[in-house]
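If you want the building blocks of each chain, they are given just below.
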Amino acid sequence: MSFTTDTPAFTLHRGTRPLLVSMPHVGTYLPPSVAARLTDEARTVPDTDWHMDRLYDFARELGASILMATHSRYVIDLNRPPDNANLYPGQDTTGLCPVDTFDKTPIYADGTNGPDDAEIATRRDKIWHPYHTALQQELARLRAEHGTIGLWDAHSIRSVLPRFFEGKLTDFNLGSANGASSDAGLAARMLEIANLVPGHTAVLNGRFKGGYITRQYGNPAGGVHAMQLELAQSAYMIESYPFDYDESRASRVQPAIRKMLETMLQFVESKV
């Protein structure tokens, strides 16, 4: 089946300071050509990184650039390599154009009607490449203007997902690609900030070390310090449908996330 969409692949706010916040899984839009083929469950896009725009509503005030996906990850996953290589060899992961949910239930109503190679190529051309082109261009603009910059990849995930990890997930899952995408001292400082949040847990380079964006664009020697935060959704929202934001929970973690971004800005601005 042919793929069409009339919705741009992203929205971009260009900031004034050396930080880009990327939100590749916040999108919920399903083009009609895709939605018509999905199960009722899949049309509720349960595996979205919900409310990232609200949780990070302070980022614009800090002067950061903000790049947000519009389409659901069920259309195409912007944090996967374009060739669909597994980022975590030996572990179960979803692909570039997923065919099942995080709970391993089929996305497509007939169980088999996923996109063929031609449709995947079209989705890649219309959604994946525009997002990454915008990301690359904004990084280049910030680098030209500021020299050293930060890239923050903002994610969240349900706190209990047996497919991907045992038990309940740590609240703050920070990733620096095992130290390859960011200065080690900066990453350690992020972990310190997270560990100071009462009643919450944190880890650096645990189950989630950073996806394609963190690994591809993080280059400390080249002046780009990239980190990923995979936040357990139980820390800021209701994890079941209709996936409501929980202001009470969010208010406990949002100050720490803001402090992390402020710390990243202070770090990169000190390199000028």
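Residues numbered from 1 in each chain as written. Predicted model: local features only at pLDDT ≥ 70, side-chain atom pairs only at ≥ 80, totals over all residues. Heavy atoms only, no water.

Per an unreviewed UniProt entry, the protein chain goes by the name N-formylglutamate deformylase and belongs to Cupriavidus pauculus.

A. Region of interest: the packing of aromatic side chains. Overall, the coordinates contain eight aromatic pairs when judged by the stated rule. Ring pairing ties together the aromatic residues W50, Y241 and F243, which thus form one cluster. The cationic tip of R207 hangs over the ring face of F208; the distance from NZ or CZ to the ring centre is 4.9 Å. (Phe/Tyr/Trp six-rings, centres within 6.5 Å; stacked < 30°, edge-to-face > 60°. Lys NZ or Arg CZ within 6 Å of the ring centre and 35° of its normal.)

B. Region of the structure containing helix α5 (residues 184–195). Here α5 spans 17 Å end to end across twelve residues, near enough to the 16 Å set by a 1.5 Å rise per residue. Of all the residues in α5, the buried ones are L186, A187, M190, I193 and A194. Buried residues along α5 cover an arc of 115° about the axis, so they all sit on one side. Looking at the packing, one finds that the buried side of α5 touches β4 (149–157), β5 (172–175), β6 (202–204), β7 (224–232) and α7 (247–269). (Helix = DSSP H or I, 4+ residues; strand = E, 2+ residues; numbered from the N terminus. Expected span 1.5 Å × (residues − 1). Buried < 20%, exposed > 50% of the residue type's maximum accessible area, 1.4 Å probe, protein only. Arc of directions from axis to C-beta. Contact = heavy atoms within 4.5 Å.)

C. Summary view of the pattern of salt bridges. The full count for this structure, using the stated rule, is 19 salt bridges. Its salt-bridge partner being E269, residue R17 comes within 2.9 Å of it at the nearest N-O pair. You can see R17 sitting in the loop between β1 (10–13) and β2 (19–23) and its partner E269 sitting in helix α7, a full 252 residues away along the chain. A single salt-bridge network, built from bridges that share partners, covers R14, E138, R141 and E145. (Salt bridge = Lys/Arg side-chain N within 4 Å of Asp/Glu carboxyl O.)

D. Seen up close, the sheet that holds β1. Read from one edge of the open sheet, seven strands run β1-β3-β2-β4-β7-β5-β6, paired in mixed fashion. Single-partner strands in this sheet number two, and they are β1 and β6. Recorded for the sheet is a direction-independent mean angle of 15° between the axes of neighbouring strands. Two strands pair when backbone bridges link them, and β5 and β6 are joined in this way by three bridges, in the parallel orientation. Paired with F172 across the strands is A202, a residue of β6. Together, β4, β5, β6 and β7 form the strand contacts of α5, whose direction differs from that of β6 by roughly 170°. (Pairing = 2+ DSSP bridges. Axes fitted to C-alpha atoms, helices over the stretch in contact; angles between N-to-C directions.)

E. Seen up close, the pairing of β5. Residues of β5 alternate between two faces, with F172 and L174 on one and N173 and G175 on the opposite face, all of them buried. Across four bridges, β5 lies against β7 in antiparallel orientation. Residue pairing in the sheet places N173 in a bridge with E230 of β7.

F. Broad picture of the side chain of S159. Following the sequence through the fold, S159 ends up in the loop between β4 and β5. The residues contacting S159, other than those within four sequence positions of it, are F165, G167, K168, L169, A232, S234 and E239.

G. Inspection of the environment of E262 at higher detail. Along the chain, E262 turns up in helix α7. Its relative accessible area of 24% is what places E262 among the partly exposed residues.

H. Expanded view of the nonpolar core. Grouped together as the largest cluster of nonpolar side chains are 75 residues, with contacts concentrated most on V21, L55, Y56, W152, F172, Y236 and L261. Of all the elements, α7 adds the most residues to this core, at ten residues. Aside from chain neighbours lying at most four places away, what touches Y236 is D49, W50, H51, M52, L55, S156, L231, Y245, D246, R249, A250 and V253. Listed in part, the eight residues of the second largest apolar core include F102, F165, F208 and A232. (Core = buried A, V, L, I, M, F, W, Y, C linked by side-chain atoms within 4.5 Å.)

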